[in-house]
Amino acid sequence: MEPAEPSKTTRSATATLDGAPTAEESHDLPTAPCSVVWSGGHSYVREGSAGARWAGVDDRGRARFLTDAELRRRGWSRTRD
């Protein structure tokens, strides 16, 4: 008898091997410089490490800078959708 394959769920796609939550599950923003996230249809890139901010542009192409707290409040994701 062959072992059954584990079911594929969204959680298993984002969980680590030891079952600990990943950054996506815990909703923590990435901390590596040059990380990219999306918010409100716009991409934001993390600048720096200490005292870092997120850089992007608004609908008119003007520079926009957000803190981690502002980005969490607005909502964000790792994908454009």
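What you see is a predicted model; the values in this text were computed from it and never measured.

Rules used throughout
- Residues numbered from 1 in each chain as written.
- Predicted model: local features only at pLDDT ≥ 70, side-chain atom pairs only at ≥ 80, totals over all residues.
- Heavy atoms only, no water.
- Pairing = 2+ DSSP bridges.
- Helix = DSSP H or I, 4+ residues; strand = E, 2+ residues; numbered from the N terminus.
- Axes fitted to C-alpha atoms, helices over the stretch in contact; angles between N-to-C directions.
- Phe/Tyr/Trp six-rings, centres within 6.5 Å; stacked < 30°, edge-to-face > 60°.
- Lys NZ or Arg CZ within 6 Å of the ring centre and 35° of its normal.
- Polar contact = N/O pair within 3.5 Å; in protein donor to acceptor, adjacent residues only side chain to side chain.
- Contact = heavy atoms within 4.5 Å.

Undergrad: Would you mind showing me how to read the sheet that holds strand S2 (residues 42–47) here?
TA: Within a beta sheet, neighbouring strands are joined by backbone hydrogen bonds and run either parallel or antiparallel to one another. Taking strand neighbours across the sheet as the criterion, the four strands line up as S1-S2-S3-S4 in an open arrangement whose pairing is antiparallel. This sheet does not close on itself; its edge strands, each paired only once, are strand S1 (36–39) and strand S4 (63–66). Pairs of neighbouring strands in the sheet enclose a mean axial angle of 35°, with direction left out of account.

Undergrad: What should I look at first to understand the packing of aromatic side chains in this one?
TA: Within a pair of aromatic rings, the relevant descriptors are the distance that separates the centres and the angle that separates the planes. All told, the structure shown has zero aromatic pairs when counted by the stated rule. The ring of Phe-65 carries the charged tip of Arg-53 above its face, separated from the ring centre by 3.9 Å.

Undergrad: Where do I start with the side chain of Asp-58 in this structure?
TA: Note that Asp-58 resides in the loop between strand S3 (53–57) and S4. Looking at Asp-58, its side chain comes within polar contact range of the main-chain nitrogen of Arg-60, at 2.9 Å. Dropping the residues within four chain positions of it, Asp-58 is found in contact with His-42 and Arg-64.

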